[in-house]
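# Geometric and topological summary
So you can see what is in the structure, the chains are spelled out below.
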Amino acid sequence: MGAGGRTSVPPPNRKSEADSVKRVPFAKPPFSLSQVKKAIPPHCFQRSIIRSFSYVFYDLTIAFCLYYVATHYFHHLPTPLSFLAWPTYWAIQGCILTGVWVIAHECGHHAFSDYQWLDDTVGLILHSALLVPYFSWKYSHRRHHSNTGSLERDEVFVPKQKSGMQWFSKYLNNPLGRVLTLTITLTLGWPLYLAFNVSGRPYDRFACHYDPYGPIYSDRERLQIYISDAGVLAVCYGLYHLVMAKGLAWVVCVYGVPLLVVNGFLVLITYLQHTHPALPHYDSSEWDWLRGALATVDRDYGILNKVFHNITDTHVAHHLFSTMPHYHAMEATKAIKPILGEYYRLDETPFYKALWREAKECIYVEPDHGTGSKGVFWYKNKL
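Residues numbered from 1 in each chain as written. Predicted model: local features only at pLDDT ≥ 70, side-chain atom pairs only at ≥ 80, totals over all residues. Heavy atoms only, no water.

A few words now on the overall build of the protein chain. The secondary structure content of the protein chain amounts to 15 helices and five strands. Whereas a compact globule of 383 residues would reach a radius of gyration of roughly 21 Å, the protein chain reaches 22 Å, a difference of no more than 12%. Projected onto its principal axes, the C-alpha coordinates of the protein chain cover approximately 70 × 65 × 50 Å. Sorting the 383 residues of the protein chain into buried and exposed places 50% on the buried side. In the protein chain, the share of contacts with a sequence separation of at least 24, taken over all contacts with a separation of at least 6, comes to 70%. A total accessible area of about 19,000 Å² is found for the protein chain, and carbon and sulfur atoms account for 65% of it. For the protein chain, the separation between the mean place of its 35 positive charges and that of its 29 negative charges on side chains is 4 Å. (Helix = DSSP H or I, 4+ residues; strand = E, 2+ residues; numbered from the N terminus. Rg over C-alpha atoms; globule rule 2.2 N^0.38 Å. Buried < 20%, exposed > 50% of the residue type's maximum accessible area, 1.4 Å probe, protein only. Contact = heavy atoms within 4.5 Å. Areas by Shrake-Rupley, 256 points an atom, 1.4 Å probe, with all protein chains shown as cover. Lys, Arg positive; Asp, Glu negative; His and termini not counted. Charge placed at Lys NZ, Arg CZ, Asp CG, Glu CD.)

All right, on to the environment of Pro258 then. Within the secondary structure, Pro258 is located in helix α10 (residues 248-274). For Pro258, a relative accessible area of 0% gives the class buried. Counting along the chain gives 128 residues from Pro258 to Leu130, while the straight-line C-alpha distance between them is 9.9 Å. Residues contacting Pro258, with those up to four places away along its chain left out, are Tyr89, Trp90, Gln93, Gly94, Leu97, Val252 and Cys253.

Across all of its chains, the model carries 14 salt bridges by this definition. A single network of salt bridges, built from pairs that share partners, joins Arg23, Glu366, Asp368 and Lys380. (Salt bridge = Lys/Arg side-chain N within 4 Å of Asp/Glu carboxyl O.)

Turning to helix α14 (residues 329-340), a few remarks are in order. For α14, with 12 residues, the first-to-last C-alpha span of 15 Å sits near the 16 Å given by 1.5 Å per residue. Residues of α14 that are buried: Ala329, Ala332, Thr333, Ala335, Ile336 and Leu340. As for α14, its buried residues are in contact with α2 (33-38), α11 (289-294), β2 (298-299) and α13 (315-320). Gly341 sits one or two residues past α14 and shows a positive phi near 55 degrees. (Expected span 1.5 Å × (residues − 1).)

Across all of its chains, the model carries 28 aromatic pairs by this definition. Among the aromatic side chains, those forming a connected cluster through ring pairs are Phe64, Tyr67, Tyr68, Tyr73 and Trp250. Over the aromatic face of Phe45 sits the side chain of Lys37, whose NZ or CZ is 5.2 Å from the ring centroid. Taking the ring centre of Trp250 as reference, the NZ or CZ of Lys246 above it sits at 5.4 Å. (Phe/Tyr/Trp six-rings, centres within 6.5 Å; stacked < 30°, edge-to-face > 60°. Lys NZ or Arg CZ within 6 Å of the ring centre and 35° of its normal.)

This part covers the nonpolar core. Ranked by size, the top nonpolar core spans 51 residues in total, and within it Trp101, Leu126, Leu130, Trp190, Phe265, Tyr301 and Phe308 carry the most contacts. If you list the elements that add at least two residues to this core, you get α3 (49-73), α4 (79-108), α5 (116-129), α6 (134-146), α8 (175-196), α9 (222-246), α10 and α15 (351-361). It is α10 that contributes the most residues to this core, 11 residues altogether. Once you skip the residues sitting within four places of it in the chain, Leu130 turns out to touch Leu97, Val100, Trp101, Tyr255 and Leu259. (Core = buried A, V, L, I, M, F, W, Y, C linked by side-chain atoms within 4.5 Å.)

As structure tokens, then:
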């Protein structure tokens, strides 16, 4: 049509928001995991050491260049420009280091190479540099993948049932309360999860990712938890000496604030992958691994999809085949969409809008009464 045509018609290849929040099927799917796997080209499961390391070097090179520019040139800028330069550095460096975090996450899934020792070595170094206890998180995250969507056994962002909501929840169910909740979640959520298991699965005693003898881990895993703790302590020791040499303000500006951005994106990405009005959760009477793995959603972060190595927009495929390297995940996602059909959910809502919507709509879960599926739980928001 000419210039006077309507401009409000959405592009045909993008789903409307109503389609995005339409509930996915919760019945047992008519396909098996092996059928889904057969739809994926075999080379998508092949891991390349050279290609995997190329992403490490690419990310670290950009991170070093940003560090070099910030530490060598920012102090020459006039005051108004320096106030703009540092926030720009924090945002970009935080995004790049989130990509580094994702590569270490791949190592934890044995998706980096064919050699477990190499994956663990690279993952331990990269995650420790970001103050993440690599093995501790690796084992709890593995249990998350084994129990996704289970109200009893999932490990992260386990939704509460209405009966389990705190008394003050109704006072936070408003715009100001949501701003407060999201601010705390995005800034403190990750360290609180590691240290106190906040938003994680409830255990019968205190659970902490730094405790080798905590209930999260088995006896054969405890030695590696010590190694994780040692890695984090070594980096903290190095940061202490940097503070002594360069000053606290220098370390906060160069390392601390970008790390806060990394932690914020980590929580944001994970929250939006597993929190959505269209996704069910299951109790033990209904849960099975395949339906749980499908109870995730792909999101669109624009250019950040590439920066984050597509962990954002290929998450469904990742939950089905977690040892697949990220650089094949887009091809695999395209291959499995026709098989998954309505069981696949992509939400292209801008992530900042989706975050606000989910914080408003996804307060607790409960089954729909009268459907005959008492073990299938959906997000609700009426307190």
